[in-house]
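# Fold and geometry: a report
Residues per chain are reported as follows:
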Amino acid sequence: MTLGGDNNTTQLDALLRGRSRGLDAQRSMLRDDAARGVPTLLCASGRGGSGTTMISALLAVAAAGEGYRVLLVDADDLVGPLSLMLAVKPRAGWQDLRGARVSPADAATPVSTTLTLVAGGASRTGEQSVLTAAERRACMRRLSSLSDGMDLVVVDCGSRFEAVAAAFTPHAGERLLAITAGGDPVSLAATYALCKAVQVRLGALPQELLVNRHDGRDAARCFDAVDAGTRQFLGTALRFAGAVPSDPTLDAALRAGMPFADAAAGSPAAIAAHDVVMRTLAGATHSRPGV
């Protein structure tokens, strides 16, 4: 289903259409263990500006482009950048689920035949009060019904641990995708702090590290620095999810107003994100860059 009359959505749907041959068999493999649940990536960072929104969109679009049914959730409760990035106009967002004012289906905005967005940002029903932690968790729990029939769920948690905690419902399909975008000590320390907070408060949640805006040896150095900290002080080893290189051309195209699908198509960042999400859906990952 597409949003009628929306040229951007039509272009995105055209990009995502097709390439679905053999998916039924792959979906059966994804569901072969009922306890596994729907693969769910909680994309988060230790500090703002690490690119969780861009990474979340790239991962979701890449999987949807292969014919997988993807639910993309924008856990931001202030701006809701994903609806702006994907050029859709939601009728409701996840905050509107508070008090059962709307149904989860009302908060689901089709972006293409295989990609569905749950928007973030301020409530669209006029309720402006700040959500409590319990209300945030309740809203996220209500969204769980939308994951039925999905092959992948991607949640953009930004740099707020509360968003990770609210989105976390223990089952074997969930994992934290910790995103670091800098090799400087502050960025690496912030990423380590996120991993520590998750282990202390959400110990059952598996953790992986994605290095954004770096590749090759630079990505390896970033991963090794954070992994060394978690090994020494937390007694756990991180898993390497992948690296997405800096992509100035993609950034410039988006700033110029180009539709996300057109700007991302064939870009280095999109190609790298495709590799990351395909490994996720296959249940495979590296232990370290280059391994």
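Refer to the structure above for everything that follows.
Residues numbered from 1 in each chain as written. Predicted model: local features only at pLDDT ≥ 70, side-chain atom pairs only at ≥ 80, totals over all residues. Heavy atoms only, no water.

### What about the sheet that holds strand S6 (residues 174–180)?
- Across the sheet, 8 strands lie side by side as S3-S4-S2-S5-S1-S6-S7-S8; this open sheet has mixed pairing. At either end of the open sheet lies a strand with only one pairing partner, and these are strand S3 (108–110) and strand S8 (239–244). Mean inter-strand twist for the sheet, computed between neighbouring axes without regard to direction, equals 25°.
- The pairing of strand S2 (residues 70–74) with strand S4 (residues 115–118) spans 4 bridges and is classified as parallel. Each bridged residue has a counterpart across the sheet, and for Val70 the counterpart in S4 is Leu115.
- Of the strands in this sheet, strand S1 (40–45), strand S5 (152–158), S6, strand S7 (207–212) and S8 touch helix H11 (residues 268–282), which is tilted by about 155° from S8. (Pairing = 2+ DSSP bridges. Helix = DSSP H or I, 4+ residues; strand = E, 2+ residues; numbered from the N terminus. Axes fitted to C-alpha atoms, helices over the stretch in contact; angles between N-to-C directions. Contact = heavy atoms within 4.5 Å.)

### Focus: unusual backbone geometry
- Look at Ala87: it is not a glycine, yet its phi comes out positive at around 60°.
- Tracing the sequence through the fold places Ala87 in the loop between helix H4 (81–85) and S3.
- In this structure Ala87 comes out as partly exposed when scored by relative accessible area, which is 27%.
- Positive phi is not limited to glycine here, since Arg213 has a value of about 65°.
- With respect to the secondary-structure elements, Arg213 resides in the loop between S7 and helix H8 (216–234).
- Exposure remark for Arg213: the relative accessible area of 38% places this residue in the partly exposed category. (Buried < 20%, exposed > 50% of the residue type's maximum accessible area, 1.4 Å probe, protein only.)

### Here's the deal with the packing of helix H7 (residues 185–201) against H8
- Interaxial distance between H7 and H8 falls to 10 Å at its minimum, and their mutual angle equals 40°. Considered as vectors, H7 and H8 are oriented oblique to each other. For the crossing formed where H7 meets H8, the hand is right-handed. For the pair H7 and H8, the contacting residues are Leu188, Thr191, Tyr192, Cys195, Lys196 and Gln199 in the first and Cys222, Ala225, Val226, Gly229, Thr230, Phe233 and Leu234 in the second.
- Among the residues making up the contact of H7 with H8, the classes are represented as 8 nonpolar, 4 polar and 1 charged. (Parallel < 35°, antiparallel > 145°, perpendicular 65-115°, else oblique. Left-handed = near helix turned anticlockwise from the far one by under 90°. Nonpolar A, V, L, I, M, F, W, Y, C, P; charged D, E, K, R; others polar.)

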